[in-house]
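# Fold and geometry: a report
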Amino acid sequence: MELQTYRYHGHSMSDPGVSYRTREEIQEVRSKSDPIMLLKDRMVNSNLASVEELKEIDVEVRKEIEDAAQFATADPEPPLEELGYHIYSSDPPFEVRGANQWIKFKSVS
């Protein structure tokens, strides 16, 4: 399987991504190749969803993302002893090495 990707933004905060490509290039790629936009267009053209329905879904998704981000930033960090918890869903416990190679943590599913 070969997947072709295109990065809409720069590599990092220090690279806005506009020094080596134009805004027009980014907009052109987005309008012709963005899989989400293409799917939305196909759904509307095939009468599987209306533009209004897709906008409602967009609002719901953005709200869910905002709620998750708010929860993640407001929730306290777990204790260091829980560092290895929930790495895998159904494996038996195993040791996880932390930043200090001599300290081991137990994973818990």
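Right, let's walk through the structure included here. (Residues numbered from 1 in each chain as written. Predicted model: local features only at pLDDT ≥ 70, side-chain atom pairs only at ≥ 80, totals over all residues. Heavy atoms only, no water.)

### Let's talk about the overall build of the protein
Per the secondary structure count, the protein includes 3 helices and 2 strands. Counting helices and strands in the order they occur from the N terminus, the protein gives α-α-α-β-β. Across the 109 residues of the protein, 12% fall into the buried class. For the protein, the computed accessible surface area is about 9900 Å², with 56% contributed by carbon and sulfur atoms. (Helix = DSSP H or I, 4+ residues; strand = E, 2+ residues; numbered from the N terminus. Buried < 20%, exposed > 50% of the residue type's maximum accessible area, 1.4 Å probe, protein only. Areas by Shrake-Rupley, 256 points an atom, 1.4 Å probe, with all protein chains shown as cover.)

### A look at the layout of surface pockets
A probe as big as a water molecule, rolled over the atoms, marks out the empty space that is left. Volume-wise, the largest pocket comes out at about 400 Å³. In terms of lining residues, the largest pocket is bounded by 14 residues, among which I36, M37, K40, D58 and R62 are the most central. Looking at the lining of the largest pocket, the elements with two or more residues in it are α2 (35-45) and α3 (51-74). In terms of residue count, the dominant contributor to the lining of the largest pocket is α3 (6 residues). (1 Å grid on protein atoms, 1.4 Å probe; cavity = no way out; pocket = protein on both sides within 12 Å on 5 of 7 lines; lining within 4 Å. Points joined across faces, edges and corners; volume = space filled by probe spheres on them.)

### Overview of the pattern of salt bridges
Think of it this way: side chains of opposite charge can pair up when their charged atoms draw near. All chains considered together, the criterion is met by 4 salt bridges. Close ionic contact of R62 with D58 constitutes a salt bridge, the shortest N to O distance being 3.9 Å. Of this pair, R62 and D58 both sit in helix α3, 4 residues apart, roughly one helical turn. R62 sits in the exposed class, given a relative accessible area of 58%. Owing to a relative accessible area of 29%, D58 belongs among the partly exposed residues under this scheme. One salt-bridge network, held together by shared partners, links K40, D58 and R62. (Salt bridge = Lys/Arg side-chain N within 4 Å of Asp/Glu carboxyl O.)

### As for α2
Every α-helical turn comprises 3.6 residues, leaving residues that sit three or four positions apart pointing alike. At the N-terminal boundary of α2, the capping side chain belongs to D34, with an oxygen 3.0 Å from the backbone nitrogen of I36. Immediately beyond the C-terminal end of α2, within one or two residues, lies N47, with a positive phi of roughly 60°. (Polar contact = N/O pair within 3.5 Å; in protein donor to acceptor, adjacent residues only side chain to side chain.)

### Observations regarding a negative patch on the surface
A cluster of like negative charges, contributed by E52, E53, E56, E60 and E64, occupies part of the molecular surface. Residue position: E53 is located in helix α3. (Patch = residues over 30% accessible without salt bridge, like charges linked within 9 Å, V, L, I, M, F, W, Y side chains within 5 Å. Lys, Arg positive; Asp, Glu negative; His and termini not counted. Charge placed at Lys NZ, Arg CZ, Asp CG, Glu CD.)

### What about the side chain of D34?
In this fold, D34 is placed in the loop between α1 (23-33) and α2. R30 provides the closest opposite charge to the buried, unpaired D34, separated from it by 5.2 Å.

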